[in-house]
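The lines below spell out each chain.
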Amino acid sequence: MNRQNTRKSLFLTTTNRCWCRPTLKRPGNVQSSQQKFSISTPPLSSIILPMSASVSPLRAPTGSPQFPKLEKEVLEFWEDNGIYQQSLDRRADGPQFVFYEGPPTANGMPHPGHCLTRSIKDVFPRYKTMQGFRCERKAGWDTHGLPVEVEVGKELGIHSKEEIEAYGIEPFIQKCQSSVWRYMQQWQTLTQRLGFWVDLDEAYVTYHQSYVESVWWSLKTLFDRGLLYQGHKIVWWWAQGGTALSAGEVGQGYREVADPSVYVLFPLVDHPGRSLVVWTTTPWTLPSNMYAAVHPTAVEYSVVKDEETGQELVLASALVETIAAKLKRELPVVETVSAESLIGQRYEPPFPDFHQATGDPVGKLVGGETQSKYWRVVAADFVTTESGSGIVHQAPAFGEVDYDVLIDQQKLFVDGDGPELLCAVGPDGKFTDAFAEMKGVWVKDADKPISRKLKENGRLLFLEQYLHDYPFCWRASEDPLIQYPRESWFVRTTEFKDEMLANNAKIGWQPGHIQDGRFGNFLASNVDWALSRERFWGTPLPIWVCQETGQMEAIGCYDELLAKPDVQGTEVWAKAKAENPELVDDLRVHKPYIDAVTYASPFSDGARMQRVTEVIDCWYDSGAMPFAQWGYPHQNADRFLDQFPADFISEALDQTRGWFYSQLAISTMLFGKDSPNPIAAKDGLETPKYDYPHPFRNCIVLGLMLGEDGKKMSKKDKNFREPNEIFDKYGADALRWFFFSKQTPWTAIQYKEQAIKDSIPEFLLRLWNVFSFLTIYAEIDGFDPTTATAADDQLSPSSLASAPGYRDASERSEIDRWILSELNQTIATVTERMDALDNYNACRAITGLVDGLSNWFVRRSRDRFWAKDTDSQDKNDAYWTLYESLLEVTKLVAPFVPFLSETLWKNLTSPFSESVLGSVHLCDYPKPIQDRIDPELSESMHLLREIASMGRAARAEAKLKVRLPLSQVEVVLTDDSRIDWLKQHDDLVKEELNVKTVDYTTEADKYVQYTVVPNFKRLGPKVGKQIPAVKKALAEADGNDLLQAMQRDGKVTLELPGGSVDLDDQDIEVRLQAREGWAAAQGSRCVVVLNTEVTDELRREGIAKDLIRTIQNQRKEIQCEYLDRIEVAVETDMDEVILAIKEHGDQIANETLADTVTLGTLPDVDPIENEYGRVFVRRSSSSPASGGES
RNA sequence: GGGCGUAUAGCUCAGUUGGUUAGAGCGCGUCGCUGAUAACGACGAGGUCCCAGAUUCGAGUUCUGGUACGCCCA
């Protein structure tokens, strides 16, 4: 009894903590788990152990697995034993697989989309680690930028720049710094709960001083190479708030509004009485007009006569009628003119202010001639005839495309003699002195007076209201945004366009179309990177300006700054720190402290150098991550050199213009072929040049995640489940498996609770059930894997061979060799797919294997496990095959479902105690054993399964249920090559189909009709255009004759209109079709024909089987244990039932563990009625559990 | 307005270099199994592969043009 008590304890802990070894830190002991978890299954004391068997150390799990609970235990185990660190340590000397973490911002809550990226980011490093690679995973956090400022602003109840300044930049920045970590806890919990192994403790942080200084170094490098410059950028400007808005913010604020739409006349200087018709929806921009644009080729222009005013108007021919209709009068065409003839013509601007102020100057062209700087017709290919007049008003100050026109114009002139930007509006959105008559008027209030003024001057042809979408400030919804020019710093990325394209061409993109599609196109249309931001919380642009001469220099790190002559202003930081010692030191390189630091100008005696005010685009921060995460070059040069470039990164599609670009651009500029190999700040350290691609070699671009309804996920619509809810209900493995196996990662994924839930029965539970099956019978039979005395620490197949009961795979039965072949083939496929970063097809292969294991190997092997002789070699083979397969599958799935695999590993290896690796994640990934792969066997088994399947189809068709035995099936095949093999497996087919005999044949004219079809793939190249004729000839000929001819001569000759053609047996395919009148079913390669004659004898056997089923059901009903004995009685008045019981009573008793099977009734037992009578079942008095149990 | 992508069974998605019978899972239906049982198996129904044209002996697959949806940019 002692023994049984011990066993009971072990058993209880099986699904819980049995794998917490004494050597491990955690005191996982039996008592605590007993208290913690209740067990619903009856105790094992009711099981009688077979006398001959040893006690198996394997334990069956109790009840159904609760994956979330198991996962939490695994998490604790990992945590307590530092498994992740161990997995890295084991590979310290391995080859390198470099992974970069694209930094998320911890300033917002993590959502399901992050689960996807983090799952994908996890699976490949795990896989590579198991493959023996050293794969470090440094986490990172993106901490700068406007979103952070906005969050803080909300908290403070302020939003405009002025308000922030009034509040104080210093306290504001301090709040930003602490706000960055607001959701840190949630992020860490999610990361850990999902099983994403990453070094959170070592994370790089973009606001850290070392990080900022790396960024400074790179900017200094660019500055010194002349790649940083100042220019104008047209931005969406919130005039009231005094700030520019990012594209994303602008996108949020579009509203449909009605604006005045005016058709304005621009009289041509050299054609009195003739005017251009120019269209605009922003009349307030007209005082700043500089040009009128026409399309140089695609648009034809007409001169029409406005008979009401007598004027001649120039406009696009295609729009004459439209405008005539608006004016409600005819506009007869005088002549058509080419755009060519219009270009260069001068006109009178709509308002004279700038004309007078500038004196309508002339400038010197690059070619040596001269030309007027302003108020000419110019060419622009964005001009269309979709709306307006086909001639577009150009106010470069208020439109990005207009601005580009100005840039193009400036390029025509010699330096310094080109047109200036004309702008009559101040940053506050009000007119300046440049348009004196409306000085101080908010531009949007000026539309009406301006229109009125135009009308007074006879310049207004027509005015109407125009409905369109226009952006408003998302924080102050009444404020319309305007486009406005701001001074900005740019990086001259356009100079590196070709290099970036060359770099891109070498990157392994997944999916491939990103390369030449979205990303390639983006690079091809590269514009200089607008780097600066007029904000507060960001990496300060490290450029100091001489207050006297305006000359500048860049600074590469804080110490470099301090080493400058006569440094002043550092006391601002010192004072702040003294007042509040809690302040993190990293703030000293941020505004406002850094702004206070000045030094003596080297350019002018007595002058001071002062930093420019801007911070930089936080995309630059993240793009600098390959070197900045290490603080390179100021420190850790070896780490950088070691970890560059990355082998693998992955983010969602929205990073195309974000992190993917910023990384590639920065890396190409700093480390590309044409970079001049600058000397890094660290002594003698030379910045390396790298062959493309860098900084990442491969990138999986993930699709966007959509909500349950296929729309964008939105908290408001509640169209998705929170990750934590999923984890609690189904577990992280279910979610991961959903991501990896349900679709290619780049498709837009619908995040569906049901689909995640489905992972459980489809995969997790199915695998679990195989494991459960093994342990149930291992326990009963005493299967003991530790008899493999030479087993190594990961129980590799070869080392298990040391067990006495272990036979070489080649000696085992077909089904064993088959599943081992499938296993090894799958290992080969999964490895090949994962090396190609193709998780989807790797998962498909795994699914197929687990299906084969569960639905064919286990199913077909059940009676081997149930065999009475516990020591039979076949039974041993079955155990070893299943045990070994499960071990290997566990390793195979470990990167995908790290929790389940860990639990399985723990349970499967528990008998070995500490001689085996404590975690599956420390194991080597399985390697295919080539000589166990048997494609021929695989193919044959496939055929066998098809035969079984067809047999069942035929039965269903003939309405002959499987329990009713039949005398014979005949299997007709297209060729005889596998008949011998199939004959050896008669038993299997007989059992699957419940028939007495199986016959195979290739000649069965009586049952089937042969048809011969061409093998198009082969014949296509051979006979080309004659294919239709071949097809027709084969279809018309008699298949059976053709086949005979083929078997006789080895070829068939067809007479065709174009000559005769010889076909060999490879050129054709033979197909079978069952003839009418047989209980037959046809598959692709076989026809299965049933003998439907049911003799009395067969019928009685069927009755016996039906009874067995009824009794088995009842066993369960009365809650019998596995090995309980029962008594059975059947009451019937049907003679053939009585006879059936007489004939098959032993079999019935045998299969149902009945001591007696009698005719009649049993007292005090409720019978079950069935078609044969009443069946009585009760637990036998000889049953061990009957004595007062339960 | 431009770029990119997607469109295949009721749903979610695969489909390699063109090869003539387009697959999977789920769902549905029918049947079966019943000591892996909060499982399992078999079979079945269900598809003008978005539309139109082109190339080809042959197109879900290549090309052109459209339509719808999504994303990015303007």
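Each value, and the rule that gives it
- Residues numbered from 1 in each chain as written.
- Chains lettered and ligands numbered in written order.
- Predicted model: local features only at pLDDT ≥ 70, side-chain atom pairs only at ≥ 80, totals over all residues.
- Heavy atoms only, no water.
- Buried < 20%, exposed > 50% of the residue type's maximum accessible area, 1.4 Å probe, protein only.
- Helix = DSSP H or I, 4+ residues; strand = E, 2+ residues; numbered from the N terminus.
- Pairing = 2+ DSSP bridges.
- Right-handed = clockwise from strand over helix to strand, strands pointing away.
- Phe/Tyr/Trp six-rings, centres within 6.5 Å; stacked < 30°, edge-to-face > 60°.
- Expected span 1.5 Å × (residues − 1).
- pLDDT = per-residue confidence, 0-100.
- Contact = heavy atoms within 4.5 Å.
- Salt bridge = Lys/Arg side-chain N within 4 Å of Asp/Glu carboxyl O.
- Axes fitted to C-alpha atoms, helices over the stretch in contact; angles between N-to-C directions.
- Parallel < 35°, antiparallel > 145°, perpendicular 65-115°, else oblique.
- Nonpolar A, V, L, I, M, F, W, Y, C, P; charged D, E, K, R; others polar.
- Arc of directions from axis to C-beta.

Turning our attention to the pairing of strand β37 (residues 1126-1131). Most of β37 is tucked away, with five of its six residues classed as buried. Direction of pairing for β37 relative to strand β38 (residues 1154-1159): parallel, over a ladder of five bridges. Bridge assignment links E1127 to a residue of β38, and that residue is T1156. Of the crossover connections in this fold, the one passing from β37 over helix α41 (residues 1135-1152) to the parallel β38 is right-handed.

Here the focus is the packing of aromatic side chains. All told, the structure shown has 54 aromatic pairs when counted by the stated rule. Between the aromatic rings of W768 and F771, the centroid separation amounts to 5.2 Å while the plane-to-plane angle is 65°, which identifies the pairing as edge-to-face. Placement of the pair is W768 and F771 together in helix α28 (residues 753-781), with a separation of three residues, close to one helical turn. Of the two residues, W768 and F771, both sit in the buried class. Aromatic rings pair up to connect F773, Y777, F783, Y806, F865, Y879, W880 and Y883 into one cluster.

Before going further, it helps to spend a moment on helix α30 (residues 814-835). When the terminal C-alpha atoms of α30 are compared, their 31 Å separation across 22 residues agrees well with the 32 Å that a helix rising 1.5 Å per residue should span. Directly beyond the C-terminal end of α30, a positive phi value near 60° is found at L837.

A few words now on the confidence of the model for chain A. Scored by pLDDT, chain A comes out at a mean of 82, with 91% of its residues at no less than 70. Of the regions scoring below 50 in pLDDT, residues 677-683 engages in 18 contacts with residues more than four places distant in sequence or in other chains. Counting contacts from residues 1185-1190, a segment whose pLDDT is below 50, to residues more than four positions away or on other chains yields five contacts. On the interface metric, ipTM, the complex scores 0.88, and its pTM is 0.82.

Glancing now at the pattern of salt bridges. For the structure on display, the rule yields 62 salt bridges. Salt-bridge contacts for D877 lead to R807; the nearest nitrogen and oxygen are separated by 2.5 Å. Of the two residues, D877 sits in helix α32 (residues 873-893) while R807 sits in the loop between α29 (797-800) and α30, which places them 70 residues apart along the sequence. For E884, the salt bridge goes to R932, with nearest N and O atoms at 2.5 Å. Here E884 is found in helix α32, whereas its partner R932 is found in the loop between α33 (898-909) and α34 (935-958), with 48 residues between them in sequence.

Attention now goes to the sheet that holds strand β22 (residues 599-600). Here four strands make up an open sheet; going across it, the order is β21-β20-β23-β22 and the pairing antiparallel. The sheet is open, and its two borders are formed by β21 (552-554) and β22, each paired with just one other strand.

Right, let's talk about the environment of A646 for a bit. Inspection of the secondary structure assignment puts A646 in the loop between α24 (637-642) and β25 (649-652). Accessibility expressed as a relative area gives 0% for A646, which makes it buried. For A646 and A502, which are 144 residues apart along the polypeptide, the C-alpha to C-alpha distance reads 17 Å. If sequence neighbours within four positions are ignored, A646 has contacts with V98, Y100, P695, F696 and R697.

On to the sheet that holds strand β35 (residues 1079-1082), then. Sheet strands pair via backbone hydrogen bonds, and the direction of the pair is either parallel or antiparallel. Strand order in the open sheet formed by four strands is β30-β29-β36-β35, with mixed pairing between adjacent strands. The open sheet is flanked by β30 (995-1001) and β35, the only strands paired with a single partner. Sheet twist, expressed as the average angle between the axes of neighbouring strands with direction ignored, equals 20°. As judged from the six bridges shared by strand β29 (residues 966-973) and β30, these two strands associate in the parallel manner. Considered in β30, the bridge of E970 is made with D999. Strands β29 and β30 of the sheet are contacted by helix α36 (residues 986-993), whose axis makes an angle of about 125° with β30.

The next thing to look at is the packing of helix α5 (residues 112-130) against helix α27 (residues 732-741). Across the interface, α5 lies against α27 with an axial gap of 10 Å and an inter-helix angle of 80°. As summarised for this structure, α5 and α27 are arranged roughly perpendicular, according to the angle between their axes. Residue-level inspection shows P112, C115, L116, S119, I120, D122, V123 and R126 of α5 in contact with α27, the latter providing L735, R736, F739 and F740. Classifying every residue of the contact of α5 with α27 by side-chain character gives eight nonpolar, one polar and three charged.

Here the focus is α36. Buried within α36 we find D986, L988, V989, E992 and L993. The arc enclosing the buried residues of α36, seen along the axis, measures out at 165°, which places them on a common side. The elements touched by buried residues of α36 are α31 (839-866), α34, β29, α35 (979-983) and β30. Downstream of α36 by a residue or two, N994 has a phi angle that is positive, lying close to 55°.

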